[in-house]
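For reference, the chains in residue letters:
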Amino acid sequence: MFFANVIKAVILGIIEGITEWLPISSTGHLILADEFIKLDASTQFMSMFNVVIQLGAILAVVVLYFHKLNPFSPSKTAIEKKDTWSLWFKVVVACLPAVIIGLPLDDWLEEHFHNFLSVAIVLIIYGIAFIIVEKRNKTRKPRWESLNDFTYQAALMVGLFQVLALVPGTSRSGATILGAIIIGASRFVATEFSFFLGIPVMFGASGLKIVKYLMEGNTFGTEEIVVLLVGTLVSFIVSILAIKFLLSYLKKNDFTAFGWYRIILGIILIGYWFISM
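Just so it is clear, the model here is predicted, and its values are computed rather than measured.

### Overview of the packing of helix 9 (residues 172–183) against helix 10 (residues 187–215)
Right, so step 1: Put simply, helix 9 and helix 10 touch, their axes get as near as 9 Å, and they point 135° apart. On the basis of their axis angle, the class for helix 9 and helix 10 is oblique. Helix 9 and helix 10 meet at a crossing whose hand is right-handed. Every residue of helix 10 that contacts helix 9 at Arg172, Ser173, Thr176, Ile177, Ala180 and Ile181 is listed here: Arg187, Ala190, Thr191, Ser194, Leu197, Gly198, Val201 and Met202.
Right, so step 2: Split into classes, the residues belonging to the contact of helix 9 with helix 10 amount to 7 nonpolar, 5 polar and 2 charged.

Structural data, given as structure tokens:
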């Protein structure tokens, strides 16, 4: 059983690593995967596992963008260091809505929307949104084509879109990228800002989940630790590949294909839900 759980953790880590950065909902895919790939673990552990393996994904961003995100780099000029600090302050501003609005609603949303049918419906809704927004943007020039020009007001607005991602199936990256594009950011600015915004959000969410798990009287046995570490490590490795793929893909393409993917998957899942009733 232990070996089977490790193999399942590898699969779930792959799913997390791919879906965290592509705008198709990592949490939604993990909930759906749980219908077919069930870890031999408690519901409390699975809830915590699905959030904490995101640490692997976010560490991929830290590694890939370490120089760009490091305000103390000796190779940066004074202006570059100032721009880096400004970027971090914008990220903090964008996190405020999730802290103020999201935290009080987290348990309620998990109780009511953390299910198969809700994920399928939300996948379709945001898939349609991506197609509509990309169609609209074909004739529009972005207001911001550099993160240095991205304003604090714009960062706050993206943070409000991030609150929508508390509903499983939305996709944190999907909501923030879509929001940034709607208000005028280029695809690259929207995507990179979404990456950086995930750093404090995912570290915070993972920390809260672990604390909540322990406060409920749960403990980590050797098997749980191994399964969690395996899932996180695989998520890290796959995330590096997924991020590089997405940035390369966006050089010649938009997000329309991801919109259609969401719609098709959502329809298939609704069909499966009706069949399995």
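Here the narrative resumes.
### Details of the environment of Phe113
Right, so step 1: For Phe113, the position within the fold is in helix 6 (residues 78–113).
Right, so step 2: Residue Phe113 is classed as partly exposed on the basis of its relative accessible area, which comes to 27%.
Right, so step 3: Excluding anything up to four places from it in sequence, Phe113 contacts Trp108, Ser118, Val167 and Pro168.

### Comments concerning the confidence of the model for the protein
Right, so step 1: Across the protein, the average pLDDT comes to 90, with 100% of residues at 70 or higher.
Right, so step 2: Of all the helices and strands in the protein, helix 2 (residues 26–33) carries the lowest mean pLDDT, 80, while helix 5 (residues 66–69) carries the highest, 96.

### Overview of the pattern of salt bridges
Right, so step 1: Taken as a whole, this structure holds 6 salt bridges when the rule is applied.
Right, so step 2: Two residues, Glu20 and Arg172, come together in a salt bridge whose shortest N-O distance is 3.9 Å. Highlighted residues: Glu20 in the loop between helix 1 (2–19) and helix 2 and Arg172 in helix 9, separated in sequence by 152 residues. The same class applies to Glu20 as to Arg172, namely buried.
Right, so step 3: Among the ionic pairs, Lys141 bridges to Glu145, the shortest N-O distance being 3.2 Å.

What counts as what
- Residues numbered from 1 in each chain as written.
- Predicted model: local features only at pLDDT ≥ 70, side-chain atom pairs only at ≥ 80, totals over all residues.
- Heavy atoms only, no water.
- Axes fitted to C-alpha atoms, helices over the stretch in contact; angles between N-to-C directions.
- Helix = DSSP H or I, 4+ residues; strand = E, 2+ residues; numbered from the N terminus.
- Parallel < 35°, antiparallel > 145°, perpendicular 65-115°, else oblique.
- Left-handed = near helix turned anticlockwise from the far one by under 90°.
- Contact = heavy atoms within 4.5 Å.
- Nonpolar A, V, L, I, M, F, W, Y, C, P; charged D, E, K, R; others polar.
- Buried < 20%, exposed > 50% of the residue type's maximum accessible area, 1.4 Å probe, protein only.
- pLDDT = per-residue confidence, 0-100.
- Salt bridge = Lys/Arg side-chain N within 4 Å of Asp/Glu carboxyl O.

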